[in-house]
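# Coordinates in review
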Amino acid sequence: MAEQTKITTLDKVVVRFSGDSGDGMQLTGTIFSTLSAIFGNEISTFPDYPAEIRAPQGTLSGVSGFQVHLGSKKIFTPGDKADVLVAMNPAALKVNVSILKPNSIIIIDTDSFQKNDLAKAQFETDNPFTELGLTSIQLVAVPISTLVKEGLKDFGLDNKSATRCKNMFALGLVCWLFERPLEEAMHLLQNKFSKKPSIAQANIKALTDGYNYGHNTHATVSTYRIESKKAKPGFYIDVNGNAATSYGLIAAAEKAGLKLFLGSYPITPATDILHELSKRKELGIKAIQAEDEIAGICTAIGASFAGNLAATSTSGPGLALKSEAIGLAVMAELPLVIVDVQRGGPSTGMPTKSEQTDLMQALYGRNGESPLVVVAATTPTDCFDAAFWAAKLAVEHMTPVILLTDGFIANGSAAWRIPDMEKYPEIKPLYANEYKGEADWKAYRRDEKSLVRYWAIPGMKGFEHRIGGLEKDYTTSAISTHPENHQKMVETRQAKIDRIANYIPELEIAGDKDADLLIVGWGGTYGHLHEAMEGLQEKGKKAALAHFKFISPLPKNTEEVLKKYRKVVIAEQNSGQFANYLRGKIPGFTPHQFNRVKGQPFNVARLVEEFTKIMEA
């Protein structure tokens, strides 16, 4: 009889599922993270897709991964290194060896570690663990493929179909490892394969077999218990950034009393926004897949002119294609939300990898003086609030708004409590029929305080008008090429954006108010920078974090805050775009910089190391 399994209680743990892109690692990781959220754990996930659509099976370039960090306390990142690695083949082991903790548990499918498999992964010996120097690990070597085919022999599946269930065997083994009951996982699988009940049952059988294998053999390793966190009462779901962005736009449309329109073209990693909104027809949402990026945004501009909350979604290459149409929306002063889910560039670059390299394009990537609003989401769940704010500013200030997310937070997920929309602010469009001026209404009549032009919707009697891309006279709204008028209109459009600083929250500081180092970031690096700040504090150092969601315009107190600290470091996943932007906005501002452009999230340990050097210099 096997010995009683040792149970280790931890406050947090990192699990990484890895294999070929066809091994179902994304589904496996998603189900496990959802289970963890259901059982009251904090989670943060990182789906890591290969850049090639279908690399040769078993090769290093074809490895797909899904990492989940779960715990009983607040989790900010998917974690630097893994406590548990599921490696479905030698390539997955080799690609992930650098992110393993000492004494980590490695689960392998021995059927996929044969001589030919090792050769594909460029191993030179028949012992990959010794070759990689993995001497302090807990190895769980299981003939997963063989056991799955044996367990499904009565299901009438061919070998290929049966083998495709091996990811569920691995999931069952991990569920045993973390004491996760299988009922919820079974329910998720039944929903996933609701139209193919035989496939659902096959996957459930493989899941159960994996769990029982661990339970019956005790798998020679300790199991983990992660205590549940007492959550604030409410309804929770596991949500990724793209879904949260979609929900934020929906909520904003409801608050504004407008119909939501999305005109878009598929592009990685933004396409899921189009997918999500196209499923919401019952809410009156119109989502159109146009023939190209330019057509996508032009349909959205037309929908905005017609009185809708209009949006378009894209990534960096598509934002470049949309630039002329964005300029049209700036000149016409129409509300429009442009969601840019940033990815590795330039050109097609690394479509499945994440960067922060579109900031300058968002701020200045148009011809002429073409100011607009730029907002950046900070976490997967914050994508909801960021999208809501982007829509609110677009509608209330009659301007295009570029919402920057990135591949990391767009595909990553976290447990999200469905918000109480009664607590969210109203969204009030400034309609032309609210105009109270003494002069006759014209298309570019403005509110004196905000400089926002009044929005006339086609069909509003007495407010017939034409707008377009040509410059207009400030007073008459007719086409004008007069030099002094153009100067005034350029200044007015910029002033309108600048005044939005009066309508957004001020910059807040986390950490020590008397910090020796202020860490500055923006967008999707929030979690890593927050953990780095905490890491410095654990070492007895005083540190603080200023993280920007609103970039154009900047919060009113930006200069005041940044000049309070003797040492400031700006960390971003580009070559210094935000640092250069702030230098231009704040005279005499000379921050330190930390820049990485690897297509991967920051490593928190490296951040702490580099920030410590700056503090001690």
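Residues numbered from 1 in each chain as written. Predicted model: local features only at pLDDT ≥ 70, side-chain atom pairs only at ≥ 80, totals over all residues. Heavy atoms only, no water.

### What to know about the overall build of the protein
Helix and strand counts for the protein stand at 22 helices and 22 strands. Relative to the 2.2 N^0.38 estimate, which gives 25 Å for 617 residues, the radius of gyration of the protein is 27 Å and therefore close to what a compact globule would have. The buried share among the 617 residues of the protein stands at 57%. Intrachain contacts of the protein at a sequence separation of at least 6 include 76% that bridge at least 24 residues. Within the structure as shown, the protein displays about 26500 Å² of accessible surface, and the carbon and sulfur contribution to it stands at 51%. Looking at charge distribution, the protein has the averaged site of its 68 positive side-chain charges lying 2 Å from that of its 69 negative ones. (Helix = DSSP H or I, 4+ residues; strand = E, 2+ residues; numbered from the N terminus. Rg over C-alpha atoms; globule rule 2.2 N^0.38 Å. Buried < 20%, exposed > 50% of the residue type's maximum accessible area, 1.4 Å probe, protein only. Contact = heavy atoms within 4.5 Å. Areas by Shrake-Rupley, 256 points an atom, 1.4 Å probe, with all protein chains shown as cover. Lys, Arg positive; Asp, Glu negative; His and termini not counted. Charge placed at Lys NZ, Arg CZ, Asp CG, Glu CD.)

### A look at the environment of Asn212
Mapped onto the elements, Asn212 comes out in helix H9 (residues 197-217). Note on Asn212: relative accessible area 32%, which makes it partly exposed. With 67 residues separating them in the primary sequence, Asn212 and Lys279 have C-alpha atoms 38 Å apart.

### Considering the domain arrangement of the protein
When cut into domains, the protein gives domain 1 (2-226), domain 2 (237-423) and domain 3 (509-616). Using only C-alpha atoms to locate each centre, domain 2 and domain 3 end up separated by 26 Å. Contacts between the two partners involve 29 residues from domain 2, matched on the other side by 23 residues from domain 3. Buried area between domain 2 and domain 3, both sides added, is near 2100 Å², and the carbon and sulfur share of it is 62%. When the buried surface of domain 2 facing domain 3 is broken down by residue, Gln356, Leu359 and Thr378 rank first, second and third, together holding 30% of it. At the junction of domain 2 with domain 3, the criterion picks out 1 salt bridge. Between Lys549 and Asp382 there is a salt bridge; the shortest N-O distance is 2.8 Å. Elements supplying a minimum of two residues to the side of domain 2 that touches domain 3: helix H15 (359-364), strand E14 (373-376), helix H16 (382-397), strand E15 (400-406) and helix H17 (407-411). For the side of domain 2 that touches domain 3, the element with the most residues is H16, which contributes 5 residues. (Domains from an automatic or database assignment. Buried area = accessible area lost by both parts, 1.4 Å probe. Salt bridge = Lys/Arg side-chain N within 4 Å of Asp/Glu carboxyl O.)

### Section: the pattern of salt bridges
Under the defined criterion, the tally for this structure stands at 22 salt bridges. The closest approach of N and O atoms between Lys73 and Asp11, which form a salt bridge, is 3.9 Å. Of this pair, Lys73 sits in the loop between strand E4 (63-71) and strand E5 (82-87) while Asp11 sits in the loop between strand E1 (7-10) and strand E2 (12-20), placing them 62 residues apart in sequence. With a shortest N-O distance of 2.9 Å, Arg606 and Glu610 are connected by a salt bridge. Linking Arg606 with Glu610, this pair stays in helix H22 (residues 604-616), spanning 4 residues, or about one helical turn. Assessed through its relative accessible area of 33%, Arg606 is described here as partly exposed. Under the relative-accessibility criterion, Glu610 is labelled buried at 16%. Each of Arg606, Glu609, Glu610 and Lys613 takes part in a single network of salt bridges with overlapping partners.

### Considerations on the packing of helix H1 (residues 25-38) against helix H7 (residues 166-177)
Close contact between H1 and H7 brings their axes to 9 Å; oriented N to C, the two are set at 30°. The pairing of H1 with H7 is recorded here as roughly parallel in orientation. Where H1 crosses over H7, the two elements pack in a sense that is right-handed. For the pair H1 and H7, contact is made by Met25, Leu27, Thr28, Ile31, Phe32 and Leu35 and by Asn167, Met168, Leu171, Val174 and Cys175, respectively. Its residues assigned to classes, the contact of H1 with H7 shows 9 nonpolar, 2 polar and no charged. (Axes fitted to C-alpha atoms, helices over the stretch in contact; angles between N-to-C directions. Parallel < 35°, antiparallel > 145°, perpendicular 65-115°, else oblique. Left-handed = near helix turned anticlockwise from the far one by under 90°. Nonpolar A, V, L, I, M, F, W, Y, C, P; charged D, E, K, R; others polar.)

### What about the sheet that holds strand E19 (residues 543-548)?
If you trace the 5 strands from one edge of the open sheet to the other, you get E17-E19-E18-E21-E22, paired in mixed fashion. Strands with a single pairing partner mark the edges of an open sheet, and in this sheet they are strand E17 (509-511) and strand E22 (592-595). Between one strand axis and the next, the sheet turns by 25° as a mean value, whatever way the strands run. Taken together, the 3 bridges between E17 and E19 define a ladder with antiparallel strand orientation. Within E19, the position partnered with Ala510 by the bridge is Leu545. Relative to the sheet, helix H19 (residues 526-538) contacts E17, strand E18 (517-522), E19 and strand E21 (568-572), its axis offset from that of E19 by approximately 170°. Each of E18, E21 and E22 touches H22; the most contacted strand, E22, lies at about 160° to it. (Pairing = 2+ DSSP bridges.)

### Topic: the environment of Gln57
Along the polypeptide, Gln57 turns up in the loop between strand E3 (42-48) and E4. Note: C-alpha distance between Gln57 and Gly22 (35 residues apart in sequence) is 8.5 Å. Beyond its immediate chain neighbours, meaning those up to four positions away, Gln57 contacts Asp20 and Lys120.

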